[in-house]
Amino acid sequence: AVYGTVNDLSMVGATPLYITSGLILEEGFPLEDLRKILTSMSEAAKKAGIKIVAGDTKVVNKGKADGIFINTSGVGIVDKDIDISPLKVKPGDKVILSGPIGNHGISIIAERNGLTFNPPVLSDTAPLNSLVREMLKHTKKIHAMRDPTRGGLATTLKEIANDSKCCIAIYEQAIPVPSGVRGACELLGLDPLYVANEGILIAIVSGDVADSLVKKMKKISIARESCIIGEVTKRPAGMVFLKTSIGGTRMIEMLSGDQLPRIC
């Protein structure tokens, strides 16, 4: 919850400062679990360098809230020389991914359903504000950024393509998918491209700075596996294509139906 709001602010180039937290508790929710959650949120806020400044708590009847719902909102500051928007995406731009996909969603499925995978799949959840800060120090030619949470990498890129009226081509062999995630997706019938993430970002940047920016990102611990996974072309507008490892082309669409697992 904390990192989600911090990362949403970071994706528009803002420096996150403060967040609020609203809790909806189901009657009978264990106080021990609540203390554990609040301690975790406090530690997450410290790690992200922000403050939780306000909150609210409501209690609903048993069976009406699935245990606990946490709602956060945040405030940050965007410097006047930063202008990050999908509307700035243009042909010739490169698509950068800051790390492997699928870890968060698969780890949530495993935890909720008592599943184990070999190798184990751990969530990548992390605050991205420090990474974004270093990226913006390196270059202001970052045209769009998103954290591929709901709907995963595929849905996020499709949204950017729709907003920019450009075409995005990505390369299957360039996209890092951990072996544990790949194996779990094959077992569960899921596509890693649509699995949620909470500790990586997509950046669409001017082609002339892409290589140097990736080199800079690789020096930062949470982005050591940063790579260029695709490029932007003019047409067909609003489309995303995956160039497969066997030489074919697959059209990428928005996630249809409910996301598995349901996270937010």
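Shown above is the structure to which this text applies.
Values in this document were obtained by computation on a predicted structure and should not be read as measured data.

**Q** I would appreciate a short explanation of the nonpolar core in the present structure.
**A** With 35 residues, the main nonpolar core has Ile 106, Leu 153, Ile 168, Ile 175, Leu 193 and Ile 204 as its most contacted residues. The set of elements that each furnish at least two residues to this core consists of β4 (94-97), α3 (103-113), α5 (152-164), β6 (167-171), α6 (179-188), β7 (202-205), β8 (227-233) and β9 (240-243). Among the elements that line this core, the one with the most residues is α5, at 5 residues. Grouped together as the second largest cluster of nonpolar side chains are 21 residues, Ile 142, Leu 201, Leu 213 and Met 217 included.

**Q** I keep staring at the sheet that holds β8 and nothing clicks. Help me out?
**A** Either a parallel or an antiparallel arrangement is found when strands of a sheet pair, and the pairing is made through backbone hydrogen bonds. The strand order across the open sheet formed by 7 strands is β5-β7-β4-β8-β6-β9-β10, and the pairing between neighbours is mixed. The open sheet is flanked by β5 (142-146) and β10 (249-252), the only strands paired with a single partner. Direction aside, the axes of adjacent strands within the sheet are offset by 25° on average. Pairing analysis gives 4 bridges linking β6 to β8, with the strands arranged antiparallel.

**Q** How do you make sense of the layout of surface pockets when you look at a structure like this?
**A** Empty pockets left among the atoms are what a rolling probe the size of a water molecule brings to light. Within this model, the largest pocket holds a volume of roughly 1800 Å³. Along the walls of the largest pocket sit 37 residues, with Ala 1, Ile 70, His 104, Arg 112 and Ile 263 positioned nearest its centre. Taken together, the elements giving at least two residues each to the lining of the largest pocket come down to α1 (2-10), β1 (15-26), α2 (31-48), β3 (68-77) and α3. Of the residues belonging to the lining of the largest pocket, the class tally is 15 nonpolar, 12 polar and 10 charged.

**Q** Got a minute to help me understand the sheet that holds β1 in this structure?
**A** Read from one edge of the open sheet, 3 strands run β2-β1-β3, paired in mixed fashion. Whereas interior strands pair on both sides, the edge strands pair on one side only; in this sheet they are β2 (51-60) and β3. Adjacent strand axes in the sheet meet at a mean angle of 15°, parallel and antiparallel pairs treated alike. Examined bridge by bridge, β1 and β2 share 9 bridges and lie parallel to one another. Looking at the pairing, Thr 20 lines up with Ala 54 of β2. Sheet strands in contact with α1 are β1, β2 and β3, and its direction is about 30° off that of β3.

**Q** Looking at this structure, I do not really get a nonpolar patch on the surface. What am I missing?
**A** On the surface, a cluster of nonpolar side chains totalling about 280 Å² of accessible area is made up of Tyr 18, Val 53 and Val 75. The residue Tyr 18 is located in strand β1 in this model. Judged by its relative accessible area of 41%, Tyr 18 is partly exposed.

**Q** In this structure, what is going on with the environment of Ile 84? I would like to understand it.
**A** Tracing the chain through its elements places Ile 84 in the loop between β3 and β4. In sequence terms Ile 84 and Gly 13 are 71 residues apart; their C-alpha atoms lie 6.5 Å from each other. Sequence-distant contacts of Ile 84, defined by excluding residues within four places in its chain, comprise Met 11, Val 12, Gly 13, Leu 136, Ile 142, His 143, Ala 144 and Met 145.

**Q** In this structure, what is going on with the pattern of salt bridges? I would like to understand it.
**A** Inspection of every chain in the model, using the stated rule, returns 10 salt bridges. Glu 134 is the salt-bridge partner of Lys 137, the closest N and O atoms lying 3.4 Å from each other. Within this pair, Lys 137 and its partner Glu 134 are both found in helix α4 (residues 129-138), separated by 3 residues, close to a single helical turn. For Lys 137, a relative accessible area of 60% gives the class exposed. In this structure, the salt-bridge partner of Asp 191 is Arg 250, at a minimum N-O distance of 2.5 Å. Remark: Arg 250 occurs in strand β10 and Asp 191 occurs in the loop between α6 and β7; sequence separation between them is 59 residues. Residue Asp 191 is classed as partly exposed on the basis of its relative accessible area, which comes to 23%. The partly exposed category is assigned to Arg 250, whose relative accessible area is 30%.

**Q** So what exactly am I meant to see when it comes to the packing of α3 against α6 here?
**A** Geometrically, a packed helix pair is captured by the angle between its two axes and the distance between the axes. In contact at an axis separation of 10 Å, α3 and α6 are set at 55° when each is read in the N-to-C sense. When the axis of α3 is compared with that of α6, the two are oblique. You can see that α3 and α6 cross each other, and the crossing is left-handed. Here α3 contributes Asn 103, Ile 106 and Ile 109 to the contact with α6, which in turn contributes Val 181, Ala 184, Cys 185 and Leu 188. Broken down by class, the residue content of the contact of α3 with α6 amounts to 6 nonpolar, 1 polar and no charged.

Calculation criteria
- Residues numbered from 1 in each chain as written.
- Predicted model: local features only at pLDDT ≥ 70, side-chain atom pairs only at ≥ 80, totals over all residues.
- Heavy atoms only, no water.
- Core = buried A, V, L, I, M, F, W, Y, C linked by side-chain atoms within 4.5 Å.
- Buried < 20%, exposed > 50% of the residue type's maximum accessible area, 1.4 Å probe, protein only.
- Helix = DSSP H or I, 4+ residues; strand = E, 2+ residues; numbered from the N terminus.
- Pairing = 2+ DSSP bridges.
- Axes fitted to C-alpha atoms, helices over the stretch in contact; angles between N-to-C directions.
- 1 Å grid on protein atoms, 1.4 Å probe; cavity = no way out; pocket = protein on both sides within 12 Å on 5 of 7 lines; lining within 4 Å.
- Points joined across faces, edges and corners; volume = space filled by probe spheres on them.
- Nonpolar A, V, L, I, M, F, W, Y, C, P; charged D, E, K, R; others polar.
- Contact = heavy atoms within 4.5 Å.
- Patch = residues over 30% accessible without salt bridge, like charges linked within 9 Å, V, L, I, M, F, W, Y side chains within 5 Å.
- Areas by Shrake-Rupley, 256 points an atom, 1.4 Å probe, with all protein chains shown as cover.
- Salt bridge = Lys/Arg side-chain N within 4 Å of Asp/Glu carboxyl O.
- Parallel < 35°, antiparallel > 145°, perpendicular 65-115°, else oblique.
- Left-handed = near helix turned anticlockwise from the far one by under 90°.

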